[in-house]
Amino acid sequence: MSDPPLLDVRALATVLRTEDGPVPVVDGVSLSIRRGETLAVVGESGCGKSMLALSLLRLVDPPLAIAGGEVRLDGDDLLALPEARMRSVRGRRIAMVFQEPMTALNPVLTVGEQVDEVIVRHEKASRREARRRTVALFEEVGIPDPARRVDEYPHQLSGGLRQRVVLAIALACGPSLLIADEPTTALDVTIQAQVLDLLRRLQAEREMAVLLITHDLGVVAEVAHRVAVMYAGRIVEEAPVRTLFEAPAHPYTRALFRSMPSVERGRGRLEAIRGTVPAPADWPPGCRFHPRCGEARPECATDVPPLRPWAERAETRVACFARDAADAEAPR
Amino acid sequence: MSDLRRRVVGDRVVAAAASVVLLLVALAILAPAIASERPFLLHVPEAAGSTGFGALPTGWSTPWGTGLFDVRAFPSIVDRAFNGLLVLLPAAVLGFALARRRRPSVAAVWVASAVGLGLFAAHSEPVRRYEAKVEQLRAKGHEVTAVFAPIRYSMDAPDVLATQQPPSAAHLLGTDTAGRDVLTRLLFGVRISLSIGLVAVSLYVSIGVLLGALAGALRGRVDRWIVRAIEVVSCFPTFLLVMVLIALVRERSIFHVMVVLGVTGWPAVARLVRAEFLSQASRDYALAARALGLPSARVIFRHVLPNCLAPVLVVATFGIAGAILVESGLAFLGLGDPGVASWGQVLREGRATRQLHLILAPGLLIFVTVTMMNLLAEGLRDALDPKLHREVRGT
């Protein structure tokens, strides 16, 4: 931990402003990513992970608003930058890949135009130069016959090719951080594997940091270095990927793993997490998971457990009173 | 039900409607080539020449070509504009064909402008009623060469000796109270109707798209004010509003009608574009464009707006039909431009003189045009609506 992280997020909070007062959507999230590292943020739909990604880019529109915290990219406080300078961060230093390649591309522009545009904008390149680089990018992300493909419209491409175009757009200006929001969810499984391979290769070649947002633990195991588990707007556990899969600490993480089919456990009935994910307006006080938690303690309903290193695995940080209590009882 | 609809109003009906509309456009452009009192080619021997005002010029001349841009022959700018198309389109095609190898578009522009300028600068004789004069000379035994268009009348030359005639071989649809050939007037009326539709609709589509995009993109206070304005204007019954506004104009011309239609028609377009904008702006590609650091103006106009225009195309096509209908209604009520040969004016003549053919012919034309435009618009709407496709295929 000697060199400063590329991205350092502290206590980031995004709220939905309603007539009944602000409702938290992202609630005091802190995380950091080093150069060339992949951090996966895992959670169910509605836990605020996509909102976290948009907040990093300051792309939240009213009635949503960033209520506090700090986002530092290479030392620059992004939340304090004027909008014009923030625009030159988006797409150049931080790029984003969206979930649906169907909808993330503009249907009325050719895919080439959409890549050219970013290069022209950020690098002040000429149209011809931009087109040359676009073709090279298409080649790099593995689009066959790139010189012809650049003039096609999104609907003429398959889902896998479209996602490659989306990647090419994101990579166009050589960002140091790539935010990928469910990059493979909309693809079928074989294409998914290809895109993940591509992502891993590009990351290694370009020494780019990746913030991968997903609900798919399989994808996490495949590409991530570290994992942050998010539940109801907060990070409940953060650990290196091996540690998390070997020894999940938070009751929520454990429940997630139990609800996944596995080869070792055989054909038994899968366990569902009881209850449902509450909507942001109904998030309970204290630990947000306590109403659904089998290990809940009295203080869980009133106090918010802080993220603390876990005694059993020093590299894991977990926000759970039950773990803290177990740590205190355990013989040192 | 929808299957039935697909069979009845299939692509063939839409294709037929589109061809009728195209035919109307062709008629509008070709009108003077079909009906003109000025011969394409005229030769009057020196011996037959007289020097009086309005006499035929002696020697070879081309009265038709030189008259195309003559204010005396075509007082309305609408006609001269269509004549411009009539000259420029073939000239452009010719230029394109001549220089297919070397920069054809440049050659096309050169040939077109040369021909256009030549005709524009051409000197034309202040002659009317060519046919009668040619006949006179021939009766005197002179050898006169004259090549006329199929119909030898102009749309506005009165003939006091032949007023209110019923349909005959000379006048297929008869003549009106001033003795003008009704068929010719209806033919030139295509130009008026189409240009009313096009100009009025372009005007209100521009206003509507601009205001709708502003409201949808800026939201907040701008949005609230624009929506209020839409509500206020759409409170008035459109035809009444148009009538009141047009009644305020002292010397009405066809352009006043266009402008009044243009400034009253925009609310529907603005509402549509605004709604479309709100839905499109929340799509991923709009967010993605912002996430790439593109400035908001670029996101709005290059990314979001083009995606909002498909339904506007449908509304505009319906709007052309509507505008033609409103203009005919205004002309019929005496609120049109009496100086132009619009279908409504002919219809008004027919009602005033109680002549059946003067009522039926323009009425039928208006009906056919409006129906075909609406069919075309419906076809466009169905073609642009993916939901409908699924529904039709599904059931």
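Residues numbered from 1 in each chain as written. Chains lettered and ligands numbered in written order. Predicted model: local features only at pLDDT ≥ 70, side-chain atom pairs only at ≥ 80, totals over all residues. Heavy atoms only, no water.

## A few points about the interface of chain A and chain B
Part 1 of the argument: Counting residues at the interface gives 25 residues for chain A, matched by 15 residues for chain B.
Part 2 of the argument: A combined buried area of about 1,900 Å² lies between chain A and chain B, and 58% of that area is made up of carbon and sulfur atoms.
Part 3 of the argument: It is Phe-98, Glu-117 and Arg-121 of chain A that lose the most area in chain A upon contact with chain B, and together they represent 27% of the buried surface on that side.
Part 4 of the argument: In this structure, the salt-bridge partner of Arg-302 of chain B is Glu-117 of chain A, at a minimum N-O distance of 3.6 Å.
Part 5 of the argument: Counting every contact that joins chain A to chain B gives nine residue pairs in polar contact (both at pLDDT 80 or more).
Part 6 of the argument: Those elements that provide at least two residues to the side of chain A that touches chain B are β6 (94-97), α3 (101-104) and α4 (111-123) of chain A. (Contact = heavy atoms within 4.5 Å. Buried area = accessible area lost by both parts, 1.4 Å probe. Salt bridge = Lys/Arg side-chain N within 4 Å of Asp/Glu carboxyl O. Polar contact = N/O pair within 3.5 Å; in protein donor to acceptor, adjacent residues only side chain to side chain. Helix = DSSP H or I, 4+ residues; strand = E, 2+ residues; numbered from the N terminus.)

## A look at the sheet that holds strand β1 (residues 41-44) of chain B
Residue and element names in this part refer to chain B.
Part 1 of the argument: Taken together, three strands build an open sheet; the order of strands is β2-β1-β3 and the sheet is antiparallel. Among the strands making up the open sheet, the edge pair consists of β2 (59-61) and β3 (145-147). Between one strand and the next, the sheet's axes are offset by a mean angle of 15 degrees, whatever the strand orientation.
Part 2 of the argument: For β1 and β3, the ladder comprises three bridges, and the chain directions are antiparallel. In the strand pairing of β3, Leu-42 is matched with Ala-146. (Pairing = 2+ DSSP bridges. Axes fitted to C-alpha atoms, helices over the stretch in contact; angles between N-to-C directions.)

## Points about the pattern of salt bridges
Part 1 of the argument: In total, this model carries 36 salt bridges over all chains according to the counting rule given.
Part 2 of the argument: Arg-226 of chain A serves as the salt-bridge partner of Glu-37 of chain A, at 2.7 Å between the closest nitrogen and oxygen. Pair noted here: Glu-37 of chain A is in the loop between β2 (21-33) and β3 (38-42) and Arg-226 of chain A is in strand β9 (residues 226-231), with a separation of 189 residues, a long-range link. By the burial criterion, Glu-37 of chain A is buried, and Arg-226 of chain A matches it.
Part 3 of the argument: Of the charged contacts, one joins Glu-131 of chain B and Arg-152 of chain B as a salt bridge, the two residues approaching to 3.3 Å between their closest N and O atoms. With a gap of 21 residues between them, Glu-131 of chain B in helix α6 (residues 130-139) and Arg-152 of chain B in the loop between β3 and α7 (182-218) connect regions that are remote in the sequence.
Part 4 of the argument: According to the relative accessible area criterion, Glu-131 of chain B is partly exposed, its value standing at 24%. (Buried < 20%, exposed > 50% of the residue type's maximum accessible area, 1.4 Å probe, protein only.)

## Some details on the confidence of the model for chain B
Residue and element names in this part refer to chain B.
Part 1 of the argument: Across chain B, the average pLDDT comes to 82, with 89% of residues at 70 or higher.
Part 2 of the argument: Segment residues 388-395: pLDDT under 50, and eight contacts once partners within four positions in sequence are set aside and those in other chains are kept.
Part 3 of the argument: With a pTM of 0.76, the predicted complex shows an ipTM of 0.81. (pLDDT = per-residue confidence, 0-100.)

## Topic: empty space enclosed by the protein
Where empty space is left can be seen by rolling a probe of water-molecule size over the atoms.
Part 1 of the argument: Considering all chains together, one arrives at three cavities of 30 Å³ or more under this definition.
Part 2 of the argument: Volume-wise, the largest cavity comes out at about 150 Å³.
Part 3 of the argument: Lining the largest cavity are 17 residues, and of these Ala-104 and Ile-169 of chain A together with Ala-288, Ala-289 and Leu-292 of chain B sit closest to its centre.
Part 4 of the argument: For the lining of the largest cavity, the secondary structure elements donating two or more residues are α4 and α7 (159-171) of chain A together with α11 (284-291) of chain B. (1 Å grid on protein atoms, 1.4 Å probe; cavity = no way out; pocket = protein on both sides within 12 Å on 5 of 7 lines; lining within 4 Å. Points joined across faces, edges and corners; volume = space filled by probe spheres on them.)

## Re the packing of aromatic side chains
Part 1 of the argument: One pass over the full model with this rule turns up six aromatic pairs over all chains.
Part 2 of the argument: Ring centres of Phe-74 of chain B and Phe-188 of chain B lie 6.3 Å apart, and the angle between their planes is 35 degrees; this geometry places the pair in the tilted category. Placement of the pair is Phe-74 of chain B in the loop between α3 (63-67) and α4 (77-98) and Phe-188 of chain B in helix α7, with a sequence separation of 114 residues.
Part 3 of the argument: The exposure class of Phe-74 of chain B is buried, given its relative accessible area of 8%.
Part 4 of the argument: Members of the aromatic cluster, connected to one another through ring pairs, are Tyr-231, Tyr-252 and Phe-289 of chain A.
Part 5 of the argument: Directly above the ring of Phe-332 of chain B sits Arg-351 of chain B, whose terminal nitrogen or CZ lies 5.4 Å from the centroid. (Phe/Tyr/Trp six-rings, centres within 6.5 Å; stacked < 30°, edge-to-face > 60°. Lys NZ or Arg CZ within 6 Å of the ring centre and 35° of its normal.)

## A short note on the state of the cysteines
Part 1 of the argument: Summed over all chains, the structure comprises zero disulfides over all chains.
Part 2 of the argument: Cys-320 of chain A carries a free sulfur, and the closest cysteine sulfur to it, the one in Cys-293 of chain A, is 6.0 Å from it. (Disulfide = S-S within 2.5 Å.)

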